[in-house]
Structures are given as structure tokens and as C-alpha cells.
Amino acid sequence: MREIVLDTETTGLDPLRGDRLVEVGCVELFNRMPTGQTFHRYMNPERDMPAEAFAVHGLSTEFLASKPLFSEVVEEFLAFIGDAPLVIHNASFDISFINAELDRIKRTSIPRDRLVDTLLLARRKHPGVSNRLDDLCSRYAIDNSRRTKHGALLDAELLAEVYIDLIGARQSQLVLAAETVDIRTGAGGETPRRQREVPLAARVTDEDRLAHRAFVATLGDKPIWKDFLPGSAG
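Residues numbered from 1 in each chain as written. Predicted model: local features only at pLDDT ≥ 70, side-chain atom pairs only at ≥ 80, totals over all residues. Heavy atoms only, no water.

Novice: Break down the sheet that holds strand β3 (residues 33-42) for me, with residues and values.
Specialist: Sheet architecture is open: five strands sit in the order β3-β2-β1-β4-β5, paired in mixed fashion. On the outer flanks of this sheet lie β3 and β5 (115-117), each paired with one strand and no other. Strand-to-strand twist in this sheet, taken as the mean axis angle between neighbours without regard to direction, amounts to 25°. Examined bridge by bridge, strand β4 (residues 86-88) and β5 share three bridges and lie parallel to one another. Each bridged residue has a counterpart across the sheet, and for V87 the counterpart in β5 is V116. Each of β1 (2-10), β2 (21-30), β3 and β4 touches helix α3 (residues 70-81); the most contacted strand, β3, lies at about 170° to it. (Pairing = 2+ DSSP bridges. Helix = DSSP H or I, 4+ residues; strand = E, 2+ residues; numbered from the N terminus. Axes fitted to C-alpha atoms, helices over the stretch in contact; angles between N-to-C directions. Contact = heavy atoms within 4.5 Å.)

Novice: Can you lay out the pairing of β1 for me, pointing to particular residues and giving the numbers?
Specialist: Regular strands place side chains that alternate from one sheet face to the opposite one. Counting buried residues along β1, eight of its nine residues qualify, which places the element largely inside the surrounding structure. Sheet topology note: the β1/β2 ladder contains nine bridges and is antiparallel. Bridging across to β2, E9 finds its partner in E23. The pairing of β1 with β4 spans two bridges and is parallel. Considered in β4, the bridge of V5 is made with V87. (Buried < 20%, exposed > 50% of the residue type's maximum accessible area, 1.4 Å probe, protein only.)

Novice: Pulling in residues and values, what's your account of the packing of aromatic side chains?
Specialist: All told, the structure shown has four aromatic pairs when counted by the stated rule. Between Y42 and F63, the aromatic rings sit 5.0 Å apart at their centres with planes inclined by 85°, giving edge-to-face as the arrangement. Here F63 lies in helix α2 (residues 61-64) and Y42 lies in strand β3, a separation of 21 residues in the sequence. The exposure class assigned to Y42 is partly exposed, which follows from its relative accessible area of 26%. Residue F63 is classed as partly exposed on the basis of its relative accessible area of 34%. Arranged with centres 5.0 Å apart and planes meeting at 50°, the rings of F93 and F97 form a pair that is tilted. Highlighted residues: F93 and F97, both in helix α4 (residues 91-104), separated by four residues, approximately one helical turn. Linked through ring pairs, F39, F77 and F80 together constitute an aromatic cluster. Sitting over the face of the ring of F80, R2 holds its NZ or CZ atom 5.6 Å from the ring centroid. (Phe/Tyr/Trp six-rings, centres within 6.5 Å; stacked < 30°, edge-to-face > 60°. Lys NZ or Arg CZ within 6 Å of the ring centre and 35° of its normal.)

Next comes the structure, spelled out in C-alpha cells:
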């Protein structure tokens with residue numbers, strides 16, 4: 001199953017009051033394992049960056065001024081996420097900004113039934129305690145030392161690790177790996193040989209065979225290696 005872990009950075013807290021998307025980061029999971037495929041873009045919000053937001057992510061008006069508009073990266077973004085479920089921490093926040101940008105350019109909104117909200121999952125699993133991303137990283141012993149400021153791709157990478165632990169997928173993978181080792185080892189302690197469905201093509205050419213025969217002919221009638229052939233012992 002393909003899933004996309006997603007995070008955003010914005011100019012503020014409310015797209016209905018003119019706040020805009022400035023960064024999006026996505027990490028692809030397949031069968032609950034990161035594939036190494038990512039999507040990451042900065043975007044020009046066509047407005048200033050409030051000091052409060054800058055303090056969170058460090059993205060300045062000057063830095064973003066040269067970046068593409070959302071409308072210029074939307075096709076690549078939508079192609080990357082496809083129709084996969086979107087794993088997001090506090091999903092209502094991020095999806096409200098993404099859908100506001102889509103609505104601004106007259107594109108179809110992303111339906112909320114595609115969302116997997118890790119904040120809700122964490123609150124069910126760990127009620128009564130803080131479930132911010134940093135807290136979850138600490139709880140699951142995930143190294144977040146690089147997270148000196150918020151960043152969409154880094155946060156998506158951390159969230160992918162948190163999500164795998166949060167739903168118990170990492171433990172399942174460890175159990176499966178152990179069972180696989182037991183099965184392959186077998187009761188007798190020997191690893192069964194696996195046969196290829198399609199044999200590899202021979203790498204020895206006819207020229208190699210002729211050269212070998214010519215070399216053997218130079219050894220004479222009684223080469224020493226013949227003493228080691230079956231039935232040659234005295």
C-alpha cells in the first residue's frame with residue numbers, strides 16, 4: 001500500500017484571513033516503509049512574512065520572492081501524491097491551506113476522507129499527555145536533533161518514523177523478519193537453497209571454451225590434477 005506523509009509551512013494560522021502556503025514536503029511510504037522518494041518545494045506566497053511565522057520556520061520574504069508560485073508546482077505535487085492516503089500531523093491545518101491554494105487556482109480540493117491524522121492517532125494511544133511531533137519523537141526514541149526550526153521535508157521525514165511506530169508497524173516488521181529467519185533456517189539449521197525462476201545467462205563464451213581446451217592440451221598426457229579424479233586413487 002502506498003501512503004504519502006506530508007507537512008507544510010505557512011505565513012500564519014488561517015488561510016481564510018490571507019495566510020498562504022510557503023513550503024510543502026512529502027515522503028513516500030510503501031507497505032509502511034520509506035521508499036526514499038520525496039517531494040519538496042518552497043513557494044512564493046505573494047505577500048510578506050510575519051515575524052511570528054518567520055520565528056517558527058526561518059523562511060523570509062526575500063528568500064521566498066524568487067521561488068515559484070503554487071500554480072507553477074501544483075501539477076508536480078498532485079502527480080506525486082496521486083490518490084494515496086495522506087498522513088499528516090494535525091491534518092485539518094495542513095489540508096485547509098492546500099485546499100485554499102487549490103481553490104484559488106480553480107482546482108478540485110483534496111477530500112478529507114484521504115487523510116490519516118497522526119495527532120488524533122497519538123491522542124487515542126497516549127491520552128492526557130502532549131502529542132506534539134517533538135514529544136512523539138522523544139517518546140519513540142527518534143533523533144530530531146536537526147529540528148532546530150520547522151521544515152516541511154524534515155518534519156515529514158520525522159513524522160514518517162513516528163507514524164510507523166505509532167501504528168505498531170515497526171514491531172510487526174521486526175516480528176516478520178524474525179519469523180522469516182526461522183523459516184529460512186529450518187529445523188535442521190540449514191538454509192534452504194533458492195532457485196532462480198529464470199537461470200542466469202552463461203558468461204563463458206565459445207572462445208573461452210576453446211582457449212581452455214588449448215591450455216589443457218599443453219599439460220601433456222599425465223597432468224597432476226588427474227590424480228584427484230574419482231577412481232584415480234591407487
